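# A structural walkthrough
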Amino acid sequence: MVMHLIDSLMKGIKILYVDSDEKRAVDIESKAEGDQDLSRSLFYVASNSQEASKLVRQQNIDICIYPDGLDGHDFVYIQKELQAANPKIKIIPLIGKVVTLKQINEFRQSVSVISFANNDILGNFDAIKNQILNAVREIQIRQAKESSNWVDKIQSSLLIDHEDWRQVKFLSSMALHFMLPKFDLSAIEKNNLEIAESIYFPWVQADRYSTIINDDNILAVLKESGSWKENRSPQSFPGLIITLANYAALNFQEHQTLNQVIESVKTRANFLKHQSIRSIGQDIIEHLENAFVGIKQKKAA
Amino acid sequence: MSNVLRLVQTEDSCKDRQSFDQSIDACITLNGNNHAVTVIDTFSFGEIIISMASKLSFIVKGELVSIDLKDPVLFGGLWRVHDIRENDERCIINLRHEFYDFAIPYKSYLGPEIFYKENQIHLMHEKNELSQHITELKDSPIRPKAAIKDQTRKGVQAKWNFSNQQIALDAFEFESNTPEVFRPGQEILVEYNFLAKRFLFLTKVREIDSDFGLIITELPEYFLTINRRLNNRISCNLPALDSGNGEAQTLISYSPKALLFAGPTPKTGSNIIIKFANMTEVTLKVKITHDENKWLGFPTNTRENANAMRHLFLKCMPDDIKARDQNDHEKLLGLFEQVGYDFSATDSKWREKSIQAWSCIDEEIQGTTLSKIESSGKYIASCGVFPHGKFCFGPHSGCMIKSMDAASGFFEILNYIFNFSEYFEHTNFFFASYSKKSKMTSRMYHLYDQQSNPSEFYLFHALTIFNNSQKNAYNKDAPADLRIEYVSHLDAKLDSFHENIQKVARIVGEPQDYIPSLKITWALLFKNQEVDPVALVHIHDSPAYSSSIDLYNSLMIWVKDPAMSTAIVSYLLAQPNLKNKVINLIEGDGSEQPNQKENEANSDQAFYSLTHKRDLNILAGSISRTAWQVLRKYGEDALYEMEKICL
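Residues numbered from 1 in each chain as written. Chains lettered and ligands numbered in written order. Predicted model: local features only at pLDDT ≥ 70, side-chain atom pairs only at ≥ 80, totals over all residues.

Our next topic: the overall build of chain A. Assigned secondary structure in chain A consists of eleven helices and six strands. For chain A, the spread of C-alpha atoms along the principal axes amounts to about 65 × 50 × 40 Å. Scored against the burial criterion, the 301 residues of chain A give a buried share of 44%. Residue pairs in contact within chain A that sit at least 24 positions apart in sequence constitute 67% of those at least 6 positions apart. (Helix = DSSP H or I, 4+ residues; strand = E, 2+ residues; numbered from the N terminus. Buried ≥ 20, exposed ≤ 12 C-beta atoms within 10 Å, placed from the backbone. Contact = placed C-beta atoms within 7 Å.)

Quick look at the structure:
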């Protein structure tokens with residue numbers, strides 16, 4: 001028998017819905033709390049911009065959906081207020097039919113705006129939910145795109161003197177890609193893991209990552225990683241999984257099999273020693289090996 | 001209902017079989033027909049034996065019957081006919097609970113009383129429900145502690161562990177300091193509490209991981225869940241005196257159903273009177289001895305005792321929960337002002353009138369309002385409770401400031417409020433009105449509807465109109481074609497109203513005599529000389545501002561035809577004795593929300609609910625879940641508060 005957890009896409013994501021009609025906001029909040037798709041998120045509501053900014057700041061809101069004209073301000077003004085409260089926030093403004101060119105320009109330049117919709121969806125739970133779900137997928141795509149430039153640069157600089165690792169990193173990112181769907185991670189967590197994996201190298205000391213990047217979430221994953229070079233044990237599931245992806249990639253690169261990885265997982269070598277290692281079975285390792293072989297054959301062809 | 005019967009509701013009652021010496025009147029329902037029966041044995045696990053005057057040929061083995069005892073707190077639910085035997089004149093039927101087959105493996109871990117209360121036990125076996133529960137446990141910032149027991153009921157404390165991050169779980173993991181006490185293949189029971197429910201499942205140990213201190217179990221096919229007892233015990237330390245023999249006692253824990261004492265145990269079965277310092281005496285029947293130095297007393301069921309128990313309950317409250325008295329009126333008014341229950345703009349005497357009303361009511365009955373106090377002495381949450389009528393009681397004036405401590409305190413008070421059902425003799429329903437603007441109440445009832453199956457529950461939508469505004473849409477000439485008739489009793493004229501309205505009217509309409517200054521009268525409204533009324537009016541009178549929105553100076557108007565609402569409300573407000581009342585307008589059968597008038601400046605959409613006393617534990621569970629949802633949004637700061645509520 002196997003039991004499946006509820007879909008992980010929205011796990012732990014903090015959403016704020018702002019509506020000056022307090023009753024409507026409460027209604028949307030109670031529907032969101034009872035909705036299967038959103039049940040793993042944390043859904044907050046506010047009825048004015050001041051309350052919204054306070055929540056964004058205190059609770060570190062990920063996504064905010066709010067109407068144009070809130071408290072007499074246009075959506076660009078509120079967007080700035082929310083960004084001031086949390087620079088990483090993604091927003092979905094609900095705009096009216098009349099929008100000025102200046103507003104559109106401001107709007108285009110902002111990295112916070114993830115999508116927008118007509119303000120006639122206010123109070124319509126299904127429409128709001130769709131906006132949120134689409135936004136999360138969009139965040140995932142956009143974050144991957146946005147990060148690729150700077151991540152590549154960091155990776156390249158860390159690969160100086162380690163050219164042999166270029167192919168390993170290709171395989172490790174593939175390994176992570178194959179493993180992620182099996183685990184209970186939200187869209188944002190998956191993104192953070194992928195970025196962290198790109199920058200992970202076993203010879204880098206955990207503390208040194210803070211001199212390389214300044215994103216707290218990605219930094220946390222890297223600092224909690226393990227290392228067979230440093231005999232460092234992972235401190236979290238994300239830390240374990242990026243260590244394992246790299247260790248598996250290196251082993252395959254060197255030996256064309258993952259026997260050593262299976263052995264390390266079974267014996268719980270210190271660099272993989274974390275409770276979550278229990279979730280890595282021989283089946284996952286074999287799955288990875290098959291995938292690596294496939295990639296290699298494809299490349300050869 | 002005799003006092004002795006209450007024993008079956010206590011934790012250890014099943015040990016005391018001999019005390020169950022009286023038969024219980026009950027009725028079973030089969031194919032919609034009720035049949036009187038006598039319950040003659042309830043102590044077999046998941047079974048009851050009933051006796052009927054004669055065999056009814058239509059009762060056959062395997063059939064599900066609904067059973068209902070006269071005291072609805074005790075029995076209910078569906079039972080399957082297992083065996084039928086006939087004596088000379090009587091027919092003896094052995095019934096088994098609908099979950100008997102699922103519950104029987106748990107016999108050595110559970111007492112038979114879990115089957116008695118309807119909605120007490122629930123079987124969780126559907127895939128969706130199970131995965132939702134496990135996901136919720138995993139996402140909870142508070143990890144429930146589980147007791148893992150072997151067949152001898154010995155075991156260890158362990159904590160749910162979700163470090164295995166797989167989406168597809170094929171085992172459960174528990175963290176323990178001593179996992180080695182179990183061995184692979186061993187049969188175990190896992191038991192834990194979460195959000196006011198007790199969860200149990202039987203399974204096998206798959207593996208012991210000493211390296212990480214883990215007990216890994218097989219997945220069970222189903223979980224049993226049991227709603228928590230409604231009246232949790234409150235720890236206290238109050239001196240008492242056994243007036244029978246003059247020996248000193250100490251009350252160490254309190255619940256409305258049973259008092260636990262430390263002191264010399266009186267003789268089992270004796271009636272004794274305990275005198276508490278500065279308090280009314282409480283008469284108890286001594287029933288169960290726990291050990292040499294502790295004993296349980298069960299309050300006898302008299303009105304005087306109920307009052308004394310209520311006094312005692314207030315004494316046992318935690319230090320930061322306070323019953324309203326003359327010293328805290330100003331602080332309570334301060335809280336009311338802060339949350340928007342401030343009527344000084346429309347009534348300059350609001351504060352004085354409120355204090356007068358509270359003083360009057362507190363003299364008649366103490367402790368009808370509980371407040372949560374911050375360490376600084378500030379009042380941050382409060383809720384009142386009144387017997388609305390003879391058959392129902394309910395909360396009023398619920399409020400809290402917007403803070404984590406206030407939210408936690410408010411939910412704590414709500415749970416204490418439920419205790420009051422024990423102190424009003426005939427109250428069987430919890431009657432509550434809620435503003436639809438209130439986040440907390442909307443959420444609470446949304447969950448209650450979705451996640452439980454209350455046995456008797458009425459919900460109706462209302463429009464509350466505060467008649468203190470000149471802009472009121474109803475302030476115009478009264479229609480001439482209506483006439484009002486005041487009635488002393490609800491009679492057959494109710495027949496023309498919707499069935500649910502009749503039921504609700506009869507539940508909420510019977511006057512109570514616990515608080516003489518709260519009065520209920522009735523009126524019917526007729527059009528011209530027509531015989532059938534067009535509206536039923538429930539008139540509440542009380543000292544002004546006895547509750548926050550003056551709910552007890554209100555009219556509850558049940559209008560048959562929504563098209564007549566405006567005329568009827570206008571007519572009633574033109575009556576000199578009714579013109580200052582708050583109005584609660586309910587249209588038709590109450591299933592639709594009455595429309596707010598466009599120029600109506602001072603009205604509020606609301607809903608009313610009537611929950612049977614036997615379902616209050618479900619409501620309490622819904623409150624816990626609501627509290628959890630509210631508090632978890634405060635993040636890590638709320639962990640301690642959440643732990644108090646969730647586990």
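Another aspect to go through is the confidence of the model for chain B. Residues and elements named next belong to chain B. For chain B, per-residue confidence averages 82 on the pLDDT scale, and 86% of positions sit at 70 or higher. Here helix α7 (residues 439-451) stands out as the least confident element of chain B, with mean pLDDT 65; strand β14 (residues 214-217) is the most confident, with 97. Confidence drops under pLDDT 50 across residues 1-22; counting only partners more than four residues distant or on other chains, this segment forms 40 contacts. (pLDDT = per-residue confidence, 0-100.)

Below, the discussion takes up the sheet that holds strand β28 (residues 482-487) of chain B. Residues and elements named next belong to chain B. Here we have twelve strands laid out as an open sheet, ordered β22-β23-β24-β25-β26-β33-β27-β32-β31-β30-β29-β28, and mixed in their pairing. Of all the strands in the sheet, just β22 (321-323) and β28 have a single pairing partner and so form its edges. Between one strand axis and the next, the sheet turns through 25 degrees on average, direction left out of account. Relative to strand β30 (residues 535-541), strand β29 (residues 519-527) runs antiparallel, the two sharing seven bridges. Across the sheet, residue W522 finds its bridge partner in β30, namely H538. Contacts between helix α8 (residues 499-509) and the sheet are confined to β25 (392-400), β26 (429-435), β27 (457-465), β29, β30, β31 (554-559) and β33 (603-612), with β30 contributing the most and set at about 20 degrees to the helix. (Pairing = 2+ DSSP bridges. Axes fitted to C-alpha atoms, helices over the stretch in contact; angles between N-to-C directions.)

For the rest of this paragraph, the subject is the domain arrangement of chain B. All names here are of chain B. Taken domain by domain, chain B holds domain 1 (3-108), domain 2 (122-227), domain 3 (234-315), domain 4 (317-431 + 614-646) and domain 5 (461-612). Each of domain 2 and domain 4 was reduced to a C-alpha centroid, and the two centroids are 36 Å apart. On the side of domain 4, twelve residues touch domain 2, which itself brings eight residues to the contact. A breakdown of the residues in the side of domain 2 that touches domain 4 according to their chemical character gives five nonpolar, two polar and one charged. (Domains from an automatic or database assignment. Nonpolar A, V, L, I, M, F, W, Y, C, P; charged D, E, K, R; others polar.)

Facing 28 residues of chain B, the contacting portion of chain A comprises 27 residues. If you list the elements that add at least two residues to the side of chain B that touches chain A, you get α2 (127-139), β10 (168-169) and α7 of chain B. At seven residues, the largest contribution of residues to the side of chain B that touches chain A is made by α2(B). In the side of chain B that touches chain A, the residues fall into seven nonpolar, twelve polar and nine charged. When strand β1 (residues 3-4) of chain A meets β10(B), the two strands line up antiparallel, connected through two bridges. When the bridges of β10(B) are listed, A:M3 appears paired with B:L169.

All names here are of chain B. Burial of strand β12 (residues 187-194) is extensive: six of the eight residues sit out of reach of the surface. Taken together, the four bridges between strand β8 (residues 145-149) and β12 define a ladder with antiparallel strand orientation. Note that in β12 the partner of A146 across the bridge is Y192. In the sheet, β12 pairs with strand β13 (residues 197-209) via eight bridges, with the strands oriented antiparallel. Across the sheet, residue I188 finds its bridge partner in β13, namely T203. Hairpin connection between β12 and β13: a loop of two residues separates the two successive antiparallel strands, and L195 in this loop has a positive phi of roughly 45 degrees.

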